[in-house]
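Listed below are the residues making up each chain.
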Amino acid sequence: MSMLSDLKVLYHLAVKPIRGADHAQRMENFYSGQADAYDDFRKRLLRGREDVYQRLGQDSAGKVWVDMGGGTGGNLEYIGQPITELSKVYVVDLAASLLEKVKQRSQKNGWNNVQAVTADATKWSVPEGSADIVTFSYSLTMIPDWFAAIENAIRILRPGGKIGVIDFYVSRKHPSPLKRHRWSTRSFWPVWFANDNVFPSADHLPFLQHHFKTELLTEQTNRMPYMPLTTVPYYQFIGRKNI
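Conventions used here
Residues numbered from 1 in each chain as written. Predicted model: local features only at pLDDT ≥ 70, side-chain atom pairs only at ≥ 80, totals over all residues. Heavy atoms only, no water. Pairing = 2+ DSSP bridges. Helix = DSSP H or I, 4+ residues; strand = E, 2+ residues; numbered from the N terminus. Axes fitted to C-alpha atoms, helices over the stretch in contact; angles between N-to-C directions. Expected span 1.5 Å × (residues − 1). Buried < 20%, exposed > 50% of the residue type's maximum accessible area, 1.4 Å probe, protein only. Arc of directions from axis to C-beta. Contact = heavy atoms within 4.5 Å. Salt bridge = Lys/Arg side-chain N within 4 Å of Asp/Glu carboxyl O.

Asker: Looking at this structure, I do not really get the sheet that holds strand β4 (residues 131-137). What am I missing?
Answerer: The pairing of strands in a sheet happens through backbone hydrogen bonds and is either parallel or antiparallel. On the basis of which strands lie adjacent, the open sheet formed by seven strands has the order β3-β2-β1-β4-β5-β7-β6 and mixed pairing. Strand pairing shows two members of the sheet lacking a second neighbour, β3 (114-118) and β6 (213-223), which therefore form its edges. The average undirected angle you get between the axes of adjacent strands in this sheet is 15°. By the bridge criterion, five bridges tie strand β2 (residues 88-93) to β3 in an arrangement that is parallel. The residue bridging Tyr90 from the neighbouring strand is Gln115, located in β3.

Asker: Help me understand helix α7 (residues 183-194), please; the structure alone is not making it clear to me.
Answerer: Count 3.6 residues to each turn of an α-helix, and residues three or four apart come out pointing the same way. With 12 residues, α7 ought to run about 16 Å at 1.5 Å a step, and its terminal C-alpha atoms sit 17 Å apart, in line with that. Among all positions of α7, only Thr185, Arg186, Trp189 and Phe193 are buried. End-on view of α7: buried residues confined to an arc of 95°, all on one side of the axis. Exposed side of α7, more than 90 degrees from the buried face: Trp183 and Val191 are the residues found there. Residues of α7 that are buried in the fold lie against β5 (157-168) and β7 (231-240).

Asker: Just checking my understanding: could you explain the pattern of salt bridges for this structure?
Answerer: Any two side chains of opposite charge can pair, on the condition that their charged atoms come close. Following the criterion strictly, the structure yields six salt bridges and no others. A salt bridge links Lys162 to Glu215; the shortest N-O distance between them is 3.1 Å. Of this pair, Lys162 sits in strand β5 while Glu215 sits in strand β6, and the two are 53 residues apart along the sequence. Note on Lys162: relative accessible area 26%, which makes it partly exposed. Glu215 sits in the partly exposed class, given a relative accessible area of 38%.

Asker: Is there a simple way to think about helix α4 (residues 49-57) in this case?
Answerer: Within the span of α4, buried status applies to Arg49, Val52, Tyr53, Leu56 and Gly57. Take α4 and look down its axis: the buried residues cluster within an arc of 130°, on one side only. Two residues or fewer after α4 comes Asp59, characterised by a positive phi angle close to 55°.

Given below as structure tokens:
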């Protein structure tokens, strides 16, 4: 990754105003100028994806997988060889420029079962009627009605289906039994991310735990690129829909 590419991404993250009449237009406005450099920069920024996608990819032959807010389709590479055995993989996103990368990546890798879908994660339905796996990789924080997106995932998941979520977050003031973040962490990150219409929430994990049986939950931190000594909290969650 070159410094020039990093600077392009940082410009869109920290400087360029985000414009648009609706969420879809704002998403495309934000990502269109950085689509080519998107994946390399975010490999350093968005940690925790590989473990979740590899776990969910085990014993997934013949199943339907939906990656909500899946962007360029880069998440799918973490699944590994099992992706070729899935019946169908849908990458759902509102940013058309990112979905073009999905098509290019699928053609390059010979993923004939992967389809890019321009749609709203809070409303989209699976053509097959139900899905076996639904994932959100750092996309819930960018969906204004994130709770509606999770409720839609519940709706389209078959009984016993699984959800996987990785995202930034901050804790509640009194989050027991989850980790408690310092006041500075709970106050700084929502304000800093809001410039990019990213909204770390204290309610993601409680909401997910309420609606799914927890199979995996980790709470970790990652160093922010070009922000020395600064770490941002993120979580990994895998849950099973009740039968």
